[in-house]
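Take a look at the letters that make up each chain.
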Amino acid sequence: MNLEDAAKYATDLLLTLPKKTKIRVIGHVDADGIASASIIAIALMRAGYRFHLSIKKTEPNLIDGLLGEENDLIIFVDIGSSYLKEMKKLESNVIVLEHHLSNEEVPSNVMYVNPRLYGLDGSREACGASVAYAFALAIDEENVDLSQLAIAGIIGDRQNFVGYNKKIVEDGIGAGYVEEREEYIFVGRNLKDILENSIEPYFTGMYKKSVSFLEELKLMPQKKFEELEENERKKFLSALTLKLIEQGVKDIEWKKKFYFGKYYGNLEDITSKLNACARLNEAGVGVSLCLGDKKALEKATIIQEKYRDEIRKELRELEKKEPYEKRNFIYFYTDKAPLGGVLAGLALAYIPQFNKEKPILSLAYNEYIDISARASQEMVENGVNLGKALKEAAESVGGIGGGHPIAAGAKIEKEKEEEFLEKLDEALER
Ligand SMILES: [Mn+2]
C-alpha cells in the first residue's frame, strides 16, 4: 500500500457518511497545520459536508476536550500522532492525517494515515498538508488546485520538494495552478528597507547604519532593488555578501526558486502569513486566508508585519547579548516564548556570537520553562538529533520533549533547569 491508497481508504470511511453528518476537524497551530486543515475544509465543503474546525496546540487535555461533543467523525490533521492511544476514549470514528512520528498503538476506531508507514520520510518528503492533499485528491481529482495550499504547508515545515511533495508540485504545475519562477529575494523592496528589515538574511547592526552603508556604495536608499542598473546590483550584492561572510553566514543566496499559486500569489509569502497568524493566536485569520477571503488577506498582512516587527526587535536585543555555553550546545533566555524557536534559528544563522557550530536553545520562563532548540543541516548530517536528545533529557526530569533532528522543543518544571541542561549535554555528547 502507498500513501495514496491509504488516503483512499480513509476517504471511503468519509464518503459512506450522509451529508448531514457532524464532522469535526482538528488542525495544528502552525503554517502546515493551518494549510492542512484548510485543505480538508475546502474538500469537505466541495463534497457537500458540514464541519466544525479548530486549530489547536499540542496540549495534554486535547482529547478530553472533545469528549462532550457529539461528532460522527473526527479528522485530525498535522496533529494526533501523540494522542493515538488516548483516541480510544472518543466515541466516534477518527481519521488521523499525520506525518509526525508515533510508536503508539492505533485503536480500532482510528484510521491512521502517515507517510512514514509507506516508506516516505515524514520530515522531508510529506508533511501534514501533503497528506491532507492526498486525502482531498482521493475525494475528487478536481481538488488538484489545493496543491497550492499543500505547497504552503511544505514550505512551512521546511520540507524538501522530494518524494510525495515532488508529485504535489508536478500536479500543481501540470494543472496550471502553480508556477515556478527564479527571482531575486529582494524584489519589490527599496535598499534601505532591505538592509534594515530583512530577516532572512538578517544584517546585524544595519538598523543604525543602513544610510551610511549605502552612501559608501553611492546608492540611493529609496531606490527599489529591481530599479538598480546591473553594475549597481552587483555592487550592492557583493557588499552584502561580504557583510554576511563577516557575520559567519555560510549559505548565501540572492536568487531563489519561488512557487506562485494562481489564487494565492507567492506561496512563500502566504506561508509566512500563515505562520505569523499561528504564532500570534490568529489561526482563524489564516484559515480564512486559505479559504480565499479578501479581508483575511488584509488582516493577515498586518499580522505578518507585526510578527516581523517583534522578531526584529528581539534580534536587535540578541545582538547585544552573549549566549551561555555548555560543552555540546549554547543557550539564551527570552521572555517571548512563542518566538523562541524562530529566534534560536535566526541567531544561529546570522548573529556571530551565537554561531559556535553547536546546537542552540532558547529558554522562556512561564508557568514552566518552554525550551526550543535548533541545529544546522550540517550538524544533523554529523549525527545531531535534537528531537531525540530533548525528549530523553526532558523526560528524565519529568518534563516532555520531542520534535525533529533539526528543530525540537521541551517543557520542564522551573526547578529542573540545571538538571535538564546537564542531561541534555550528556545526551548530545552521545
Ligand atoms: Mn506539519
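Here is a short report on the structure shown in this document. Quantities reported herein were computed from a predicted structural model and do not represent experimental measurements. (Residues numbered from 1 in each chain as written. Predicted model: local features only at pLDDT ≥ 70, side-chain atom pairs only at ≥ 80, totals over all residues. Heavy atoms only, no water.)

Take the packing of aromatic side chains next. How two aromatic rings sit relative to each other is given by the distance of their centres and the angle of their planes. According to the stated counting rule, one finds 13 aromatic pairs in the structure shown. Measuring from centroid to centroid gives 6.3 Å for Phe-225 and Phe-236, while their planes differ by 55°, and the two rings are tilted. Separated by eleven residues along the polypeptide, Phe-225 in the loop between helix H7 (206-216) and helix H8 (230-246) and Phe-236 in helix H8 bring together distant segments of the chain. Judged by its relative accessible area of 3%, Phe-225 is buried. Geometrically, the ring pair formed by Tyr-331 and Tyr-333 is edge-to-face, given 6.0 Å between the ring centres and 75° between the ring planes. Relative accessible area serves as the criterion here: at 8%, Tyr-331 is assigned to the buried category. Members of the aromatic cluster, connected to one another through ring pairs, are Tyr-184, Phe-186, Phe-225, Phe-236 and Trp-254. The ring centre of Phe-260 lies 3.8 Å from the NZ or CZ of Arg-181, which sits over that ring. (Phe/Tyr/Trp six-rings, centres within 6.5 Å; stacked < 30°, edge-to-face > 60°. Helix = DSSP H or I, 4+ residues; strand = E, 2+ residues; numbered from the N terminus. Buried < 20%, exposed > 50% of the residue type's maximum accessible area, 1.4 Å probe, protein only. Lys NZ or Arg CZ within 6 Å of the ring centre and 35° of its normal.)

The strand order across the open sheet formed by five strands is S2-S1-S3-S4-S5, and the pairing between neighbours is parallel. Only two strands of the sheet have a single partner each, and these edge strands are strand S2 (51-56) and strand S5 (110-113). The mean angle between the axes of side-by-side strands here comes to 15°, regardless of whether they run parallel or antiparallel. Relative to strand S4 (residues 93-97), strand S3 (residues 73-77) runs parallel, the two being bridged by five bridges. Of the residues in S4, the one forming a bridge with Phe-76 is Val-96. The strands touched by helix H3 (residues 128-139) within the sheet are S3, S4 and S5, with S4 carrying the most contacts at an inclination of about 125°. (Pairing = 2+ DSSP bridges. Axes fitted to C-alpha atoms, helices over the stretch in contact; angles between N-to-C directions. Contact = heavy atoms within 4.5 Å.)

Turning our attention to the pattern of salt bridges. Applying the stated criterion to the full structure yields 33 salt bridges. The closest approach of N and O atoms between Lys-256 and Glu-268, which form a salt bridge, is 2.7 Å. Of the two residues, Lys-256 sits in strand S7 (residues 255-261) while Glu-268 sits in helix H9 (residues 267-279), which places them twelve residues apart along the sequence. When salt bridges with common partners are traced through the structure, they connect Glu-305, Arg-308, Asp-309 and Arg-312 into a single cluster. (Salt bridge = Lys/Arg side-chain N within 4 Å of Asp/Glu carboxyl O.)

Of the residues making up helix H14 (residues 386-396), those classed as buried are Leu-386, Gly-387, Ala-389, Leu-390, Ala-393 and Ala-394. Summarising the axial view, the buried residues of H14 lie within an arc of 165°, below the 170-degree limit, and thus occupy one face. Check the buried side of H14 and you find it contacts strand S12 (369-374), strand S13 (400-403), strand S14 (407-412) and helix H15 (417-429). Capping the start of H14 is the job of one residue whose side-chain oxygen sits 3.2 Å from the backbone nitrogen of Gly-387: Asn-385. Two residues or fewer after H14 comes Gly-398, characterised by a positive phi angle close to 80°. (Arc of directions from axis to C-beta. Polar contact = N/O pair within 3.5 Å; in protein donor to acceptor, adjacent residues only side chain to side chain.)

Across the five residues of S3, five count as buried, placing the element largely inside the fold. The alternating pattern of S3 places Leu-73, Ile-75 and Val-77 on one face and Ile-74 and Phe-76 on the opposite face, and all of these are buried. Here five bridges tie strand S1 (residues 23-28) to S3, and the two strands are oriented parallel to one another. Considered in S3, the bridge of Gly-27 is made with Val-77.

Glancing now at the nonpolar core. In this structure, Phe-186, Phe-236, Leu-361 and Phe-420 are the most contacted members of the largest nonpolar core, which totals 130 residues. Sequence-distant contacts of Phe-420, defined by excluding residues within four places in its chain, comprise Leu-361, Ile-371, Leu-390, Ala-393, Ala-394, Val-397, Ala-410 and Ile-412. Formed by 15 residues, the second largest nonpolar core is a distinct cluster that contains Leu-66, Ile-79, Met-87 and Val-94. (Core = buried A, V, L, I, M, F, W, Y, C linked by side-chain atoms within 4.5 Å.)

Put simply, H9 and helix H10 (residues 283-290) touch, their axes get as near as 7 Å, and they point 150° apart. With respect to each other, H9 and H10 are oriented roughly antiparallel. In this structure, the crossing between H9 and H10 has a hand that is left-handed. Contacts from Ile-270, Lys-273, Leu-274 and Cys-277 in H9 reach Ala-283, Val-285, Gly-286, Leu-289 and Cys-290 in H10. Within the contact of H9 with H10, the residues separate by chemical class into seven nonpolar, one polar and one charged. (Parallel < 35°, antiparallel > 145°, perpendicular 65-115°, else oblique. Left-handed = near helix turned anticlockwise from the far one by under 90°. Nonpolar A, V, L, I, M, F, W, Y, C, P; charged D, E, K, R; others polar.)

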